[in-house]
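# Commentary on secondary and tertiary structure
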Amino acid sequence: MKPPLDIPLLLSGNFMELRSDHFHSGLDIKTNGVEGLPVRAVKDGYVARIKVSPWGYGKALYLQHPDGTTTVYGHLQRYAPAIAEHALDAQYAANDFAIDIYPERDRLLVNQGDVIAWSGNSGGSNGAHLHFEVRNTDQHALDPEEFGIELVDNLPPELRGVRIYPLEGGANAMPYPGSAKGFALEKGTAGYRLKQDSIAAFGTVGFALHVIDKYNGTDNLCGPRKLDLFVDDVPAFSVDLDHVDFSLQRYCNAHADYALHKEQDMHYHRLYKLANNKLDLYGNEPLQGRVATTPGKNQRIRMVATDANGNRSELSFILHGVSAKDAAAWPQPALSGTHMEQGTENQYSADGIRFKLPINALYENLDFHYSTKPRSANAFSNVHVLHDKLTPIHVAATLSIRPDSLPATLRSKALILRLEANGKHAAVGGTWENGWVRTTVKSFGNYCVMVDTIAPKITPIGLKASMRGRTGFALRVGDNLSGVEKWHATLDGKWILMDYDPKNKNLSHAFDKYTNVPGVHTFKIDVQDERGNLSSYSFTFTR
């Protein structure tokens, strides 16, 4: 396998690194902060799939190879000419910017080293780079480093902290020092050790290890490949982060300490399994990471982190078992709220709110908390505080809120919003049902009902009365609440392609074989938000 770029390969993210709601399924290769670098086929094959979306991988390309593997190239700026024309024809045939097509096997053949695209920043990318994947015949993602993508890496993983969790009723562990989120570590000549003498606990406990990895030439935080836990040198738990099953991706939230990853970007990997964790990445050790303490007994805990290139780091410390009497002096876990069992359907109702969690929405049992906050001036309900956004939900829950004093004329404009602490909000939709606004949500948090009656705003960029010699034009489209949902653009009454970039709130058109025609032309566009509010714009120009 040859490299997909001509420049030295440096990573901003590696395979199986912890990400929001998923493991990273490939390599994020730096492009020196610019777009437009040639992207090459790493092996002979053919274009098996072309996907264009405002989200996710943006403009993406999938190559099928004779050995059964698939390589994926994401966040592209544009495709090579033959591929680009095939995609363009499909977009015009569908009258849609977003496409997901599977060309015939012999339609778009490529040889190793051919330029298939140019790198970009499309889709859900936060900066110019190339996302590169290798998938097997089951379409599970594998580490490209295992297939010959060579990266310079002689740096062992960095171990930054360890956490301890009571795993049964009555179990407890000594508190972390001060405001720390875990027990701090330091590196010695024989490996990592605690900055304190030992950790004490009562009952059965589990651990999590804060571990990151780096590659030579970059300071970007990446992830380890393998983690092993030993108790008195007996294997107690192992995880091999060697493949991504896309159907199980969201269980990443059960593997990691979700709250610390989401709020503080700490990469704590659990060395035990939560009740609802269906990942197939773990070993079959009998203990499964559940460490039973005995009062007065010391146990030697050893954790080993190995990266994709075999570099390893080790942590060793003493776990001291204490009595129930001694453990009673430590802060006790708060047991309050409405108890919800992980393996059952759970419902909660209060004045003006209904909330239903389906079976297996939770990763572990939960004491659910609910409260309200006063509404803002433009809201039609109080703010309903559903537990804590730092507790993950695996599958969508149903949320219904009863608005107050909502005129019948505004029912179709009502929607539920999730409110963030920084003053921002995220629209989560909703439909009117017998006096309630109902939607589905995939996170706890603060929710209320508002209405959206304001149409999107359209601002032209680069549209001139004379478009001679110009390659295209753009529009800035913004919406104040529910968000842009769809658009329809025409030139002289015929549909034209508009490339949507939600990050920059842009719709753009590059003159193509369907539109690059001399003469006087009238451009029209309708932009609609998620609540059906519509804006229109038209302009006549000469080409």
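Structure: see above.
This structure is a prediction, so every number in the text was calculated from the model and none was measured. All residue numbers refer to positions counted from 1 along the written sequence of the respective chain. Side-chain atom pairs in this predicted model are given and counted only at pLDDT of 80 or more, local residue features only at pLDDT of at least 70, and totals for whole chains, interfaces and linings cover all residues. Note: side-chain values were computed over all heavy atoms of the structure, leaving out hydrogens and water.

### As for the overall build of the protein chain
The following threshold applies: Runs of H or I in DSSP of at least four residues are treated as helices and runs of E of at least two as strands, each being numbered from the N terminus. Radius of gyration means the value over C-alpha atoms here, while the globule rule gives 2.2 Å times the residue count to the 0.38 power. Here's how the labels work: a residue is buried when its accessible area is under 20% of the maximum for its type, exposed when over 50%, partly exposed in between, all with a 1.4 Å probe on protein chains only. Contacts are assigned to residue pairs that have any heavy atoms within 4.5 Å of one another. Exposure was quantified through the Shrake-Rupley algorithm and a 1.4 Å probe, taking into account, for residues, occlusion by the shown protein chains and nothing else. Asp and Glu are treated as the negative residues and Lys and Arg as the positive ones, with His and the ends of the chain left uncounted. Every charge is mapped onto a representative atom, which is NZ of Lys, CZ of Arg, CG of Asp or CD of Glu.
Broken down by element type, the protein chain carries four helices and 46 strands. Taking 543 residues into account, the globule formula puts the C-alpha radius of gyration at 24 Å, and the protein chain, at 27 Å, falls close to it. With the C-alpha coordinates aligned to their principal axes, the bounding extent of the protein chain is approximately 90 × 65 × 35 Å. Counting the 543 residues in the protein chain, one finds 52% classified as buried. Long-range pairs, those at least 24 residues apart, make up 69% of the contacts in the protein chain between residues at least 6 apart in sequence. As displayed, the protein chain has an accessible area near 24200 Å², and 49% of this comes from carbon and sulfur atoms. Here the protein chain carries 57 positive and 60 negative side-chain charges, and the mean point of each set is 6 Å from the other.

### Some remarks on unusual backbone geometry
Positioned with a positive phi, Ser 405 is a non-glycine residue whose angle comes to about 55 degrees. Turning to its location among the elements, Ser 405 is positioned in the loop between strand E33 (392–401) and strand E34 (414–419). Its identity is not glycine, yet Lys 505 carries a phi of approximately 55 degrees, on the positive side. Mapping Lys 505 onto the fold places it in the loop between strand E43 (499–501) and strand E44 (506–510). Exposure remark for Lys 505: the relative accessible area of 45% places this residue in the partly exposed category.

### Looking at the sheet that holds strand E29 (residues 353–357)
The criterion, for reference: A pair of strands counts as paired when DSSP detects no fewer than two bridges linking them. Only the stretch in contact is used when a helix axis is fitted, and all axes are lines through C-alpha atoms; the angle between N-to-C directions ranges over 0 to 180 degrees.
Across the sheet, five strands lie side by side as E28-E29-E33-E37-E36; this open sheet has antiparallel pairing. With one partner strand each, in any of the chains shown, strand E28 (346–350) and strand E36 (431–433) form the two edges of the open sheet. Across the sheet, the mean angle from the axis of one strand to that of its neighbour is 25 degrees, orientation sign disregarded. For E29 and E33, the ladder comprises four bridges, and the chain directions are antiparallel. What sits directly across from Ile 353, in E33, is Ile 401.

### Considering the sheet that holds strand E38 (residues 445–451)
If you trace the five strands from one edge of the open sheet to the other, you get E31-E32-E38-E34-E35, paired in antiparallel fashion. If you trace the sheet from one side to the other, it starts and ends with strand E31 (370–373) and strand E35 (425–427), each paired once. With direction set aside, neighbouring strand axes in the sheet form an average angle of 30 degrees. By the bridge criterion, four bridges tie E31 to strand E32 (residues 383–386) in an arrangement that is antiparallel. Bridge pairing in E32 places Lys 373 opposite Val 383.

### Some thoughts on the pattern of salt bridges
In a structure, side chains of opposite charge can pair up when their charged atoms sit close to one another. The following threshold applies: Throughout this description, the term salt bridge denotes a Lys or Arg side-chain nitrogen within 4 Å of a carboxyl oxygen of Asp or Glu.
Enumeration over the complete set of coordinates arrives at 28 salt bridges. The shortest N-O distance in the salt bridge between Glu 146 and Arg 225 comes to 3.6 Å. A residue pair is termed long-range when its members are at least 10 positions apart, and Glu 146 in the loop between strand E13 (141–142) and strand E14 (158–166) and Arg 225 in the loop between strand E19 (204–212) and strand E20 (226–231) qualify at 79 residues. For Glu 146, a relative accessible area of 54% translates into the label exposed. Several salt bridges converge on common partners, so that one network encompasses Asp 233, Arg 300, Arg 302, Arg 312 and Glu 314.

### A few points about the pairing of E14
Where E14 and E19 come together, eight bridges link them in antiparallel fashion. Within E19, the residue paired with Val 162 across the bridge is Leu 209. Bridging between E14 and strand E16 (residues 183–188) involves two bridges; their strand directions are antiparallel. Paired with Val 162 across the two strands is Phe 183, which belongs to E16.

### Comments concerning the environment of Thr 515
Summarising the element assignment, Thr 515 is placed in the loop between E44 and strand E45 (520–529). Exposure remark for Thr 515: the relative accessible area of 2% places this residue in the buried category. Once the C-alpha coordinates of Thr 515 and Phe 23 are considered, the two residues, 492 residues apart in sequence, prove to be 42 Å apart. Apart from the residues within four sequence positions on either side, Thr 515 is in contact with Tyr 92, Leu 491, Ile 496, His 509 and Ala 510.

### Structural notes on the state of the cysteines
Quick note on the threshold: The disulfide criterion used throughout: a pair of cysteine sulfur atoms within 2.5 Å.
Here the structure, examined in full by the defined rule, presents zero disulfides. With no disulfide of its own, Cys 252 has Cys 222 as its nearest cysteine by sulfur position, at a separation of 15 Å.

### Brief notes about the pairing of strand E8 (residues 70–79)
The element E8 is extensively covered by neighbouring structure, given that eight of its ten residues are classed as buried. Pairing geometry for strand E7 (residues 59–64) and E8, over five bridges, is antiparallel. Note on E8: the bridge partner recorded for Leu 61 is Tyr 73. Where E7 folds back onto E8 in an antiparallel hairpin, the turn is made up of five residues, including Gly 68, whose phi is positive at roughly 95 degrees.

### Thoughts on the side chain of Asn 172
Following the sequence through the fold, Asn 172 ends up in strand E15 (residues 172–173). For Asn 172, the contacting residues outside a window of four places in its chain are Pro 166, Ala 201, Phe 202, Val 205, Ala 327, Trp 330, Pro 331, Gln 332 and Pro 333.

### Here's the deal with the environment of His 509
Within the secondary structure, His 509 is located in strand E44. Among the residues examined, His 509 registers a relative accessible area of 4% and is labelled buried. Residues His 509 and Leu 475, spaced 34 residues apart in sequence, show a C-alpha to C-alpha distance of 8.8 Å. Leaving out residues up to four positions away in the same chain, His 509 has contacts with Tyr 92, Thr 471, Gly 472, Phe 473, Ile 496, Leu 497, Met 498 and Thr 515.

### A few points about helix H1 (residues 81–94)
To keep it simple, the criterion reads: Here the expected length of a helix is defined as 1.5 Å per residue gap, with one fewer gap than residues.
The end-to-end C-alpha distance of H1, which contains 14 residues, comes to 20 Å, matching closely the 20 Å that a straight helix rising 1.5 Å per residue would cover. Where H1 is concerned, the buried positions are Ile 83, His 86, Ala 87, Leu 88, Ala 90, Gln 91 and Tyr 92. Positive phi shows up at Asn 95, right after H1, with a value of about 50 degrees.

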